[in-house]
Amino acid sequence: MKRAVYPGSFDPMTLGHLDIIKRASEMFDILIVAVLNNNQKNPLFSVDERVKILKRATEGLPNVQVDSFSGLLCDYAYKNDLHVAVRGLRAVTDFEYELQLAQTNRVLSGGKLDTIFLSTSLEYSYLSSSGVKEIAYFGGDISKTVPDYVADMIHEKYKQN
Ligand code: PNS
C-alpha cells in the first residue's frame, strides 16, 4: 500500500488545497490529510472545524482520510508509519520555505520522511488561506476560492467577531 500524508494548517481549506488533495489521492492508495493543531497561531477555525471542512470536501474521495496532529510532523509520520509527505508549490516564493521544511523533516526523521511537491494548478496559484480570510474580512468576494459552505462559515465567523 502506498500511503502519504498531506500536512497543513488548512485554516481554512481552499480550492487550491482541494486540488492538491484530489491529484495526490490519484497517486497514492491512501492519502491522509493531517491538520496541524498549532497553539502558537491564532486560527480562525478550531481544529475540529477544519477537520470537518476537510471531511465534507473529501466525501467523494474514498481513499482520503482526515486526521489532526500536534507537535512535529516527523513524529506523527513515524507513529503512523508514513514515509511520504505531499506539499503544494504555488510559486518560487514558496520554494525556500518548503525546501527547508522538507530538509528538516528528512533530517529529523533520519531519512525516513521524504517530501514530494505538486505544482498548484494555475487557476489556484494566487490562493492562500490567509488571503482568503483577508478578502472576506474586508467584504470581498471569496466565492471562487473556497467551497460555498466554507465561504458561509468564514462569513459567519467574521459576523461573530
Ligand atoms: O499550511 P501550512 O501552515 O503551510 O503547513 C505547515 C506545516 C503544518 C506543514 C508545518 O508547519 C509543520 O509540519 N509543522 C509541524 C511542526 C514541525 O514538524 N516542524 C518541523 C519543521 S520546521
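What this report covers is the structure whose coordinates are included nearby. (Residues numbered from 1 in each chain as written. Predicted model: local features only at pLDDT ≥ 70, side-chain atom pairs only at ≥ 80, totals over all residues. Heavy atoms only, no water.)

## Side note on the pairing of strand E4 (residues 84–89)
So, point 1. Counted residue by residue, E4 has five buried out of six residues, so it is predominantly covered.
So, point 2. Pairing of E4 with strand E5 (residues 114–119) involves six bridges; the strand directions are parallel. In the strand pairing of E5, Arg87 is matched with Phe117.
So, point 3. Traced from E4 through helix H4 (residues 92–108) to E5, the parallel crossover comes out right-handed. (Buried < 20%, exposed > 50% of the residue type's maximum accessible area, 1.4 Å probe, protein only. Helix = DSSP H or I, 4+ residues; strand = E, 2+ residues; numbered from the N terminus. Pairing = 2+ DSSP bridges. Right-handed = clockwise from strand over helix to strand, strands pointing away.)

## Regarding the site of the ligand
So, point 1. All residues adjacent to the ligand are Gly8, Ser9, Leu36, Lys41, Phe69, Gly71, Leu72, Leu73, Arg87, Tyr97, Leu101 and Thr104.
So, point 2. At a separation of 2.9 Å, an oxygen atom of the ligand approaches a polar side-chain atom of Arg87.
So, point 3. Alone, the ligand offers 550 Å² of accessible surface; in the complex the protein occludes 74% of this.
So, point 4. No other element matches the three residues that H4 contributes to the shell around the ligand.
So, point 5. Grouping the amino acids of the shell around the ligand by side-chain chemistry returns six nonpolar, four polar and two charged. (Near = heavy atom within 4 Å. Polar contact = N/O pair within 3.5 Å; in protein donor to acceptor, adjacent residues only side chain to side chain. Areas by Shrake-Rupley, 256 points an atom, 1.4 Å probe, with all protein chains shown as cover. Nonpolar A, V, L, I, M, F, W, Y, C, P; charged D, E, K, R; others polar.)

## Observations regarding the nonpolar core
So, point 1. Judged by nonpolar contacts, the single largest core of 35 residues is most densely connected at Tyr6, Ile21, Leu31, Val33, Leu54, Val86 and Ile154.
So, point 2. Elements with a minimum of two residues in this core: strand E1 (3–8), helix H1 (15–25), strand E2 (30–36), helix H2 (47–57), strand E3 (64–69), helix H5 (129–137) and helix H6 (148–160).
So, point 3. Residues in contact with Tyr6, not counting those within four places in the same chain, are His17, Ile20, Ile21, Leu31, Ile32, Val33, Ala34, Val86, Arg87 and Gly88.
So, point 4. Formed by twelve residues, the second largest nonpolar core is a distinct cluster that contains Phe69, Cys74, Ala77 and Leu113. (Core = buried A, V, L, I, M, F, W, Y, C linked by side-chain atoms within 4.5 Å. Contact = heavy atoms within 4.5 Å.)

Keep in mind these values describe shape, not function.
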